[in-house]
Amino acid sequence: MQIFDSNRPPQDLIHDPRQIIIRQPDDWHVHLRDGAILTSVVPFTARQFARAIVMPNLDPPIISRTMAKAYRDRIVAAIPKDLEFTPLMTCFLTDVSDGEEIAQGFSEGIFAACKLYPSGATTNSNRGVTNIKNIYKVLDKMQTIGMPLLIHGEVVDKDVDVFDREAVFIDRILKKLVKDFPNLKIVLEHITTINSVEFVESSSDNVAATITPHHLTINRNAMFDGGIKPHYYCLPLAKREVHRLALRKAATSGSHKFFLGTDSAPHSVSSKESSCGCAGIFNAPCAMETYVQVFEEEGRLEALETFSSINGAKFYGLPLNIKSITLRKIDTLIPGNIKIDNQYYIPFNAGETINWSVV
Ligand code: NCD
Ligand code: ZN
């Protein structure tokens, strides 16, 4: 059994190939939802992560300090008594967001960041931003106070192919945004393309990206493999294999610009398996297990801790976690479904066996 020592470099933690101990990771992008489902999904995240950046796309979205505080209280009430977990709240940006309210929330420790959803880009984003110019004043304020902007980087223009939405967002919106706000801390969330990898790598240190377990392990074929597979449908969509390989290289590279964000986004079976199914993959039941498997397959286990437990905290200017978690090479069966409040939820890779487990 290895003893965790927070001063020891991560590569020293890898002695026993059947077990690794790393500083406890954080999830820098998660959807915890609300109501009965919130109570049921929080433990999946809290069993592995010390902190999580909680997305504000509820209906109605979290747009004020009061709403964020109340939502945080509901999340805290759902944390199992034997686990320590800190939710970090975000503010949903709209065309009429108030920079003063946001700055106040940031200074009071209520908001950790703001989330930009282009209006109509994804689940509950209708009140999102219709034109980036509408939030320029808010972005200016955020740049001044060092508050991170988290971006769902997809355009919604009808002339753009859905698989190109992310790459076009970089060209049409992001390049100019980064020029106009050179010191704004930006996280390009759940990146899916080589274009995003290259953009982030070539940008200054205040631009980073999160990468999900599903975009590291599936390409777009998964959605159409033998028939339509709604449980692999999420936004941004998984892309071609060349993009998946670029994401794996970036995540396991050891670069400080890429960090863990699961984008775990549960929707009930009835809302996924529908003539107009919801986007979102519920990966919290197997998130760390999937990441560690990817790093092992890439022969880069020594870079796992940097990606999962160090880069994000440093980017947000938060202390590193002191506690550790143990990942053991034991086969784990991912549940076929999870019943919550009389509805079923299907986790990512339901019914499959993964060869790691969080102890
Ligand atoms: C997310 C959701 O369901 O809230 N869905 C998804 O496909 N990732 C929203 C989002 O992050 O786009
Ligand atoms: Zn998301």
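Structure report, in brief. (Residues numbered from 1 in each chain as written. Chains lettered and ligands numbered in written order. Predicted model: local features only at pLDDT ≥ 70, side-chain atom pairs only at ≥ 80, totals over all residues. Heavy atoms only, no water.)

## Describing the overall build of the chain
Then step 1. Secondary structure assignment for the chain yields 11 helices and 15 strands.
Then step 2. Taking 359 residues into account, the globule formula puts the C-alpha radius of gyration at 21 Å, and the chain, at 19 Å, falls close to it.
Then step 3. When its C-alpha atoms are laid out on the principal axes, the chain stretches across 55 × 50 × 40 Å.
Then step 4. Every one of the 359 residues in the chain was classed for burial, and the buried ones make up 57%. (Helix = DSSP H or I, 4+ residues; strand = E, 2+ residues; numbered from the N terminus. Rg over C-alpha atoms; globule rule 2.2 N^0.38 Å. Buried < 20%, exposed > 50% of the residue type's maximum accessible area, 1.4 Å probe, protein only.)

## Describing the packing of helix H6 (residues 194-202) against helix H8 (residues 241-251)
Then step 1. It is the contact of H6 with H8, at a shortest axis distance of 8 Å, that shows an interaxial angle of 35°. Counted together, Ile194, Asn195 and Val197 of H6 and His243, Ala246, Leu247 and Ala250 of H8 form the full contact between these two elements. (Axes fitted to C-alpha atoms, helices over the stretch in contact; angles between N-to-C directions. Contact = heavy atoms within 4.5 Å.)

## Section: the sheet that holds strand S1 (residues 19-23)
Then step 1. Across the sheet, which stays open at both edges, the 3 strands sit in the order S1-S10-S15 with antiparallel pairing between neighbours. Of all the strands in the sheet, just S1 and strand S15 (357-358) have a single pairing partner and so form its edges.
Then step 2. Note that strand S10 (residues 324-328) and S15 share 2 bridges and pair antiparallel. By the bridge assignment for S15, Leu327 is matched with Val358.
Then step 3. Running at roughly 30° to S1, helix H11 (residues 304-316) makes contact with S1 and S10 of the sheet. (Pairing = 2+ DSSP bridges.)

## Remarks on the site of ligand 1
Then step 1. Near ligand 1 lie 15 residues; those nearest to it are Asn57, Thr122, Leu235, Asp263 and His267.
Then step 2. The separation between a nitrogen atom of ligand 1 and a polar side-chain atom of Asp263 is 2.7 Å.
Then step 3. Note that an oxygen atom of ligand 1 is positioned 2.8 Å from one of the side-chain N or O atoms of His267.
Then step 4. The protein chains hide 100% of the 310 Å² of surface that ligand 1 would expose on its own. (Near = heavy atom within 4 Å. Polar contact = N/O pair within 3.5 Å; in protein donor to acceptor, adjacent residues only side chain to side chain. Areas by Shrake-Rupley, 256 points an atom, 1.4 Å probe, with all protein chains shown as cover.)

## A look at the sheet that holds strand S2 (residues 27-30)
Then step 1. Ordered in space as S2-S3-S4-S5-S6-S7-S8-S9, the 8 strands form an open sheet in which the pairing is parallel. Each end of this open sheet is capped by a strand with a single partner; those strands are S2 and strand S9 (258-260). Here the average twist between neighbouring strands, direction ignored, is 30°.
Then step 2. Against the sheet, helix H3 (residues 99-107) engages strand S4 (86-92) and strand S5 (111-116), with an angle of about 140° to S5.
Then step 3. Each of S2, strand S3 (51-54), S5, strand S6 (149-151), strand S7 (186-188), strand S8 (207-211) and S9 touches H11; the most contacted strand, S9, lies at about 110° to it.

## Examining the coordination of the zinc ion (ligand 2)
Then step 1. Every protein donor of the zinc ion (ligand 2) is listed here as His29 (NE2), His31 (NE2) and Asp263 (OD), and their distances to the metal cover 2.0 to 2.1 Å.
Then step 2. Viewed at the metal, the 4 donor atoms of the zinc ion (ligand 2) are separated by angles of 91 to 143°, and the geometry they form is irregular.
Then step 3. Positions of the donor residues of the zinc ion (ligand 2) along the chain correspond to the pattern H-x1-H-x231-D. Of the two residues, His29 is situated in strand S2 and Asp263 in the loop between S9 and helix H9 (269-272); the sequence distance between them amounts to 234 residues. (Donors = N, O, S within 2.8 Å, 3.2 Å for Na, K, Ca; no water. Tetrahedral: all angles 85-135°; square planar, octahedral: opposite > 155°, others 65-115°.)

## Remarks on the packing of aromatic side chains
Then step 1. This structure, assessed with the given rule, holds 10 aromatic pairs.
Then step 2. Centroid distance Phe259 to Phe315: 5.8 Å. Interplanar angle 45°. Geometry classified as tilted. Taken together, the residues span a long stretch of sequence, with Phe259 in strand S9 and Phe315 in helix H11 at a distance of 56 residues.
Then step 3. Three or more aromatic residues link up through ring pairs in this structure, and these residues are Trp28, Phe259, Phe315 and Tyr316.
Then step 4. Positioned over the ring face of Phe315 is Lys185, at 5.7 Å from the centre of the ring.
Then step 5. Cation over ring: Arg220 sits above Phe163, and NZ or CZ is 4.6 Å from the ring centre. (Phe/Tyr/Trp six-rings, centres within 6.5 Å; stacked < 30°, edge-to-face > 60°. Lys NZ or Arg CZ within 6 Å of the ring centre and 35° of its normal.)

## Details of the pairing of S4
Then step 1. The element S4 is largely enclosed, with a buried count of 6 among its 7 residues.
Then step 2. Note that S3 and S4 share 4 bridges and pair parallel. Paired with Val54 across the bridge in S4 is Met89.
Then step 3. The parallel pair S3 and S4 is bridged by helix H2 (residues 65-77), and the resulting crossover is right-handed.
Then step 4. After leaving S4, the chain enters H3 and then returns to the sheet as S5, a path that is right-handed. (Right-handed = clockwise from strand over helix to strand, strands pointing away.)

## Focus: the pattern of salt bridges
Then step 1. Counted according to the given criterion, the structure contains 16 salt bridges.
Then step 2. As a salt-bridge pair, Lys176 and Asp180 come within 2.8 Å of each other at their nearest N and O atoms. Within this pair, Lys176 and its partner Asp180 are both found in helix H5 (residues 165-180), separated by 4 residues, close to a single helical turn.
Then step 3. Judged by its relative accessible area of 30%, Asp180 falls in the partly exposed class.
Then step 4. Here the salt bridges share partners, and the residues they tie into one network are Arg65, Glu101 and Glu108. (Salt bridge = Lys/Arg side-chain N within 4 Å of Asp/Glu carboxyl O.)

## A short note on H2
Then step 1. For H2, with 13 residues, the first-to-last C-alpha span of 18 Å sits near the 18 Å given by 1.5 Å per residue.
Then step 2. Within the sequence span of H2, burial applies to Ala68, Tyr71 and Ile75. Projection of H2 onto a plane perpendicular to its axis shows the buried side chains occupying an angular sector of 65°, all on one side. Exposed and oriented more than 90 degrees from the buried face of H2 are Thr66, Asp73 and Ala77. (Expected span 1.5 Å × (residues − 1). Arc of directions from axis to C-beta.)

## Details of the state of the cysteines
Then step 1. Applying the stated rule across the entire model yields 0 disulfides.
Then step 2. With no disulfide of its own, Cys114 has Cys91 as its nearest cysteine by sulfur position, at a separation of 4.7 Å.
Then step 3. Considering cysteine sulfurs only, Cys276 is the nearest to Cys278, which forms no disulfide, with 7.4 Å between them.
Then step 4. Given the relative accessible area of 27%, Cys278 is considered partly exposed. (Disulfide = S-S within 2.5 Å.)

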